[in-house]
Structure formats: structure tokens, C-alpha cells
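# Architecture and fold: a report
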Amino acid sequence: MTDRHEQHRLAVIGGGVMGTNIAALALGHGVDVTLVDVDEPTLATARTAIRRKLKHAQLLEALPAGRAHGTLATTTSPADIADATAVVEAVVEVAEVKREVLTEVSGLVAPGTLLISNTSCIPIDEMAGWVARGDELVGVHFMNPAYLITMVEVIRGRATGDATMTAVTSLLTVLGRTALVVNDAPGFVVNRLLHPLINRAAMLVQEGVASAETVDGLLEGCLGHTTGPLRTADLIGIDNLVDSLRVLHERTGDPECDPCELMLRKVRDGHHGRKSGRGFYTYG
């Protein structure tokens, strides 16, 4: 009898923070992964990141004990994912980039292949028009780091089919994730709440009301926020946050989602957070 983990062949498009997080999660649960990105240096960096994340997950006992890891393949050719049973799009939160990737991928894979977008804010209904079969597309918002945080937000678009919901539930069960399903809207639930909070926290630092350490300390100590909004911003990537805030601002008109000048300046200066060594905090 085939192991249910072996029934899944996962392709991940994008070797950045979230792509490597999701790849590490799948590999650690015994699922084979093909990771696609634009060039070999990017893939080499991604392979190193995945090894580090797998080790981190093992040290924290976040992976199934006694299960062999899946096999990782990396490629610059999207054609190499044609036999995948599920594809996760994990590229930047820029509509034009996601449209190009999803359009190409949906034309390569067989009908019935599960298409997942790890979108932060772009609505699934909007993306369904970019793929060959909109009923096969669903949003899965993995948290960062995906290999440690077991809750995920699943976004069902109006076109998402019942078979797709069954397939994504099966995959997430194999990956040891707990899913809560929400209806489609810009930013969904988590980021519609979190991103404006981070933007407002940055604005308070910009206005000199308090330091980043004080803002985070107050939200941690008084409101129970685990890491504080600005440390969370550094973990997500301030550049990614600015992209997502722009998506929210364009699609909702909410002024709280208009990225503040401090966030924009940090992006211009290359201070993107943990991945660059400096954001609201400095990292070794």
C-alpha cells in the first residue's frame, strides 16, 4: 500500500523566505519537493536555507519522529514540475509577477493538479482569472516560519471547487497543519488585521512617540503579542510588507494600509529585516 506521504509530489515556485519554509516543512514530513527559481545562485542559497531550517525544526522537535525526509530537487525550468500533484506559488506579492507565474504553471500541469497560492493579500478570485482552471486554485496562507507554526489560513475563492478543498485538506493533513477556512477578501483575516497594525507601530516610531523596542515591549507585555509587531515585520521582510500594504491600500482604500515613510525609507536603504541583517533591529 502506498504511503500517503508518497502520494504527494509538491512543486514550490519561489526560493525566498516562504518558499524555503514551505519546502522544509514538506521535506520534513516525507514529501518530495521540486523547487523552482530563476537561476542557480538563487537555488544554491535556497538549498542552504532549507538545510538550516530542517535542522532548526529538528532541534525544536517540530517534525515527525522517525520519518525519513523527502527528496529535494531544484531547477530553473518550470517544465520540470509537470508531474507534480500540487504546486505552491510563493513568489513576491506583486500582482504582475504572480499572474505570470500562475498562468505559466497552470498551462504546464495536468487537469486536477492542486494549485495553491501562498498569497498574503491578493484575492483568490482575482487570481482565478489568471489560471486555466479557476476551480483548482485555492489560497493557503502559511505563517512564518511555516515549519514551526501549525495553523494555516485557507482561502476559498468563489470558483474554488469541492475537489480542490478536499485535496488541499489532504495535503495539509500530511504536512501536520491545522487549517481554518475563510472566504475571499483582500488580506483575508490575518493580514487584514496584522499589516495595518505593523504600519501603525512603525508610524509611532517615525513620529518619535516611542522606540521600536518600547512599542514591541508594550504589545508583548500588555497585549500578549508574542514577538511584537516590529520584530514580526523584520521576520516577514519589510520589503514584502510594503508590497502587501500597497495591495491592501489599492484594493480597500484603507488609509491605515498606506505604507508609512519609515517603512518606505527602510526598503530604499535595503534594511529589509532579518534576511538583510538590519530592519527595525540589527542582526548578527
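Everything here concerns the structure above.
Let me sum up the structure you'll find in this document. No experiment lies behind these values; they were computed from the predicted model shown. Along each chain, residue indices are assigned from 1 in the same order as the chain's sequence is written. Selection of residues for local features in this predicted model requires a pLDDT of at least 70, selection of side-chain atom pairs for listing and counting requires 80 or more, and totals for whole chains, interfaces and linings are taken over all residues. The basis for every side-chain value is the complete set of non-hydrogen atoms in the structure, without hydrogens or water.

## Concerning the pairing of strand β8 (residues 178-183)
Relative to β8, strand β7 (residues 151-156) is paired through six bridges, and the arrangement is parallel. Each residue of the ladder has a partner; that of M151, found in β8, is T178. One requirement defines pairing of two strands: DSSP has to find at least two bridges between them. Secondary structure counts use DSSP, requiring at least four H or I residues in a row for a helix and at least two E residues in a row for a strand, with both numbered from the N terminus.

## Some remarks on the pairing of strand β4 (residues 86-89)
Both faces of the sheet carry side chains from a regular strand, because those side chains alternate between them. The two faces of β4 match: A86 and V88 on one face and V87 and E89 on the other face are all buried. By the bridge criterion, four bridges tie strand β1 (residues 9-13) to β4 in an arrangement that is parallel. When the sheet's bridge partners are listed, V12 is paired in β4 with V88. As paired strands, β4 and strand β5 (residues 114-117) are joined by four bridges and run parallel to one another. Across the sheet, residue V87 finds its bridge partner in β5, namely L115. Crossovers are described as right-handed under a simple rule: with the strands pointing away from the observer, the path leading from the first strand over the helix to the second runs clockwise. For the crossover that starts at β4, traverses helix α3 (residues 95-108) and ends in the parallel β5, the hand is right-handed. For every residue, the accessible area obtained with a 1.4 Å probe (protein chains only) is divided by the maximum for its type, and the residue is called buried under 20%, exposed over 50%, and partly exposed between those limits.

## Examining the nonpolar core
Nonpolar side chains in soluble globular proteins tend to be buried together. Buried residues of nine kinds, namely Ala, Val, Leu, Ile, Met, Phe, Trp, Tyr and Cys, make up a nonpolar core once their side-chain atoms join them within 4.5 Å. Core analysis: the largest hydrophobic core is formed by 46 residues, its most contacted members being I81, V87, V105, L230, M263 and F280. Those elements giving two or more residues to this core turn out to be β1, α3, α4 (124-128), α6 (190-206), α7 (212-223), α8 (229-236), α9 (238-252) and α10 (261-268). No other element matches the six residues that α9 contributes to this core. Once you skip the residues sitting within four places of it in the chain, V87 turns out to touch A11, I13, I81, V105, V109, T113, L114, L115 and I116. Among the nonpolar cores identified, the runner-up in size contains 35 residues, and A24, L25, A46 and L54 belong to it. We call two residues contacting when some pair of their heavy atoms lies within 4.5 Å.

## Remarks on the environment of A90
Of note, A90 is situated in the loop between β4 and α3. Residues A90 and T113, spaced 23 residues apart in sequence, show a C-alpha to C-alpha distance of 17 Å. For A90, the residues in contact, after removing those within four places along its chain, are I13, G14, G19 and N118.

## Some points on the sheet that holds β5
Hydrogen bonds along the backbone pair up the strands of a sheet, which may run parallel or antiparallel. Taken in spatial order, the eight strands of this open sheet run β3-β2-β1-β4-β5-β6-β7-β8, and their pairing is mixed. Across the chains shown, the open sheet's two edge strands, defined by having one partner strand only, are β3 (72-75) and β8. In this sheet, adjacent strand axes meet at a mean angle of 25 degrees when their direction is disregarded. The axes used here are C-alpha line fits, helices contributing only the stretch in contact, and every angle between their N-to-C directions lies in the interval 0 to 180 degrees. Contacts between helix α1 (residues 17-28) and the sheet are confined to β1, β2 (32-36), β3 and β4, with β1 contributing the most and set at about 165 degrees to the helix. This element, helix α2 (residues 40-59), spans β2 and β3 of the sheet and lies at about 160 degrees to β3.

## Overview of the pattern of salt bridges
By convention in these notes, a salt bridge is any Lys or Arg side-chain nitrogen within 4 Å of a carboxyl oxygen on Asp or Glu. As enumerated under the stated definition, the model contains 13 salt bridges in all. A salt bridge links D125 to R158; the nearest nitrogen and oxygen atoms lie 3.6 Å apart. One end of the pair, D125, is in helix α4; the other, R158, is in the loop between β7 and α5 (162-174), with 33 residues separating them in the sequence. When its relative accessible area of 25% is taken as the criterion, D125 is described as partly exposed. In this structure, the salt-bridge partner of E136 is R133, at a minimum N-O distance of 2.9 Å. When its relative accessible area of 9% is taken as the criterion, E136 is described as buried.

Geometry only, nothing functional implied.
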